[in-house]
Amino acid sequence: QVHVVESGGGLVQPGGSLRLSCASSGFTFCSYLMSWYRQAPGKERELVAGFTTIGGSTNYADSVKGRFTISRDNAKTTVYLQMNSLKPEDTAVYYCNARRGLTRYWGQGTQVTVSS
C-alpha cells in the first residue's frame, strides 16, 4: 500500500523558516521523481520545487528560487523542502508528489501559514 505523508507545516512569521518532510512507502522511492506543489485558496495548484532527473537535477518556481531547497534521502524514503525567508504569499497547502511515467502519488498536504 502506498503512503505519502507530509509534515512540518505550521504558522510562521514573515522572514522565518520551516522544513517540510514527506515520508513515503509502498513504492520504489529511489526510482521516482519527487516534487513539492502548493495550492493557495482560490488558486490552482502550482509546482514549487522538484527533481527533474533521478540523478538529482532540480528546478524551482521563480517565486521561491534562492529561498527554498528541495532534498531527498533515499535511505529514509523521504523528501524535504527547506523554506527560508518566508513571505505571506507563501501561505498555502503544500503537497508532496511522486512521479514515474504516468504514475503519480499525492500526499494529503500540510498547511503553511506565513503571518505576523
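Calculation rules
Residues numbered from 1 in each chain as written. Predicted model: local features only at pLDDT ≥ 70, side-chain atom pairs only at ≥ 80, totals over all residues. Heavy atoms only, no water. Phe/Tyr/Trp six-rings, centres within 6.5 Å; stacked < 30°, edge-to-face > 60°. Buried < 20%, exposed > 50% of the residue type's maximum accessible area, 1.4 Å probe, protein only. Lys NZ or Arg CZ within 6 Å of the ring centre and 35° of its normal. Pairing = 2+ DSSP bridges. Helix = DSSP H or I, 4+ residues; strand = E, 2+ residues; numbered from the N terminus. Axes fitted to C-alpha atoms, helices over the stretch in contact; angles between N-to-C directions.

Our focus in this paragraph is the packing of aromatic side chains. Following the criterion strictly, the structure yields six aromatic pairs and no others. The interplanar angle of 40 degrees and the centroid separation of 6.4 Å between the aromatic rings of Phe27 and Phe29 together place this pair among those described as tilted. Given the relative accessible area of 3%, Phe29 is considered buried. Among the aromatic side chains, those forming a connected cluster through ring pairs are Phe27, Phe29, Tyr32 and Tyr105. The cationic tip of Arg19 hangs over the ring face of Tyr80; the distance from NZ or CZ to the ring centre is 4.0 Å. Residue placement shows Arg45 over the ring face of Tyr95; its charged tip is 3.7 Å from the ring centre.

Glancing now at the sheet that holds strand 7 (residues 68-73). An order of 1-3-8-7 is seen for the four strands of this open sheet, with the pairing classed as antiparallel. Both edges of this open sheet fall to strand 1 (3-7) and strand 7, since each of them pairs with a single strand only. When strand polarity is set aside, the average angle formed by the axes of neighbouring strands in this sheet is 15 degrees. Pairing of strand 7 with strand 8 (residues 78-83), which is carried by six bridges, proceeds in the antiparallel orientation. Across the sheet, the residue bridging to Thr69 is Gln82, located in strand 8.

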